[in-house]
Amino acid sequence: SIIPRPLSVQTGTGRFTLKTGALIQIDGASVDLSRVARLLQQQIQQKHGLSLSIAGRPTEAANGIRLTLGAASADVGPEGYELTVEPHRTTIAAASPTGLIWGAHTLLQMLASADPAAGSTADAMSLPVVRILDRPRFGWRGLLLDCSRTFIPIDLLKKYVDVCASYKMNVL
């Protein structure tokens, strides 16, 4: 249920449970990592009601999300990412901040389609163990918005841009 379809998906056994109070861990003091962590934190809070904290140093704590720059597989390229969901942690690794954003949007899509029958509740989301390796197939991925005949309110335009970003489009 991930749009666009990832390059490679390897499923495993078990489930990862993301609970309120979990940590979003960032490797290093990069401004880009902090921005992606805040984006992920805000989106998970708004859409799923889970309150997560951001930690500046990675730890071995369970039930967390780890963001890493430069540790992705060489196959992903500059905008690609590697998303690994394990029973105790989820890791998004990318070569660039753009890849981290695309990986964060994939994680958000997975959370949106989390199966309530598999243990997702109001204060916890359950995801299957999986390893996703993805990169854009095209450099230009976009959507056209023709607002010359009809004026569109600014709030609707902002939502439109957010939807474009959630589907990993880079040109509007």
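The shown structure was predicted, so the numbers you read here are calculated from the model rather than taken from an experiment.

**Q** How should a nonpolar patch on the surface be read in this particular structure?
**A** On the surface, a nonpolar cluster with roughly 260 Å² of combined accessible area is contributed by Ile3, Val163 and Tyr167. Among the structural elements, Ile3 can be located in the segment before strand 1 (8–19).

**Q** What exactly am I supposed to notice about unusual backbone geometry here?
**A** The bulk of non-glycine residues show a negative phi, and the bulk of peptide bonds are trans. Between Ile3 and the following residue, Pro4, the backbone shows a cis peptide bond with an omega angle of -10°. Inspection of the secondary structure puts Pro4 in the segment before strand 1. With a phi close to 65°, Lys168 is a non-glycine residue in the positive phi region. Of note, Lys168 is situated in the segment after helix 3 (154–166).

**Q** Even after reading the chapter, I still don't get helix 1 (residues 31–48), so can you show me in this structure?
**A** One turn of an α-helix holds 3.6 residues; hence residues three or four places apart share an orientation. The first and last C-alpha atoms of helix 1 sit 25 Å apart over 18 residues, in line with the 26 Å expected at 1.5 Å per residue. Against strand 1, strand 2 (23–26), strand 3 (53–55), strand 4 (64–69), helix 2 (97–112) and strand 7 (124–134) lie the buried residues of helix 1. Measuring from the side-chain oxygen of the N-cap residue of helix 1 to the backbone nitrogen of Asp32 gives 3.2 Å; that N-cap residue is Ser30. At the exit of helix 1 stands Gly49, carrying a positive phi of roughly 75°.

**Q** Sorry if this is basic, but what is going on with the pairing of strand 5 (residues 81–85) here?
**A** The two faces of the sheet receive side chains in turn, since in a regular strand these alternate between them. Of all 5 residues making up strand 5, 5 are buried, and the element is well covered by its neighbours. Side chains Tyr81, Leu83 and Val85 of strand 5 all project onto a buried face; the interleaved residues Glu82 and Thr84 project onto the opposite face, where all are buried too.

**Q** Is there a simple way to think about the sheet that holds strand 7 in this case?
**A** Strand order in the open sheet made by the 7 strands is 1-7-5-6-4-2-3, with mixed pairing throughout. The open sheet is flanked by strand 1 and strand 3, the only strands paired with a single partner. Averaged over all adjacent pairs, the angle separating strand axes in this sheet is 20°, with direction ignored. With 5 bridges connecting them, strand 5 and strand 7 associate as antiparallel partners. Residue pairing for strand 7: Val85 is matched across the bridge by Val130.

**Q** Please explain helix 3 as it appears in this structure.
**A** The end-to-end C-alpha separation of helix 3 is 18 Å, in line with the 18 Å expected for 13 residues at 1.5 Å each. Among the residues trailing helix 3, Lys168 stands out with phi positive, at a value near 65°.

Quick notes on the rules
Residues numbered from 1 in each chain as written. Predicted model: local features only at pLDDT ≥ 70, side-chain atom pairs only at ≥ 80, totals over all residues. Heavy atoms only, no water. Patch = residues over 30% accessible without salt bridge, like charges linked within 9 Å, V, L, I, M, F, W, Y side chains within 5 Å. Areas by Shrake-Rupley, 256 points an atom, 1.4 Å probe, with all protein chains shown as cover. Salt bridge = Lys/Arg side-chain N within 4 Å of Asp/Glu carboxyl O. Helix = DSSP H or I, 4+ residues; strand = E, 2+ residues; numbered from the N terminus. Expected span 1.5 Å × (residues − 1). Contact = heavy atoms within 4.5 Å. Polar contact = N/O pair within 3.5 Å; in protein donor to acceptor, adjacent residues only side chain to side chain. Buried < 20%, exposed > 50% of the residue type's maximum accessible area, 1.4 Å probe, protein only. Pairing = 2+ DSSP bridges. Axes fitted to C-alpha atoms, helices over the stretch in contact; angles between N-to-C directions.

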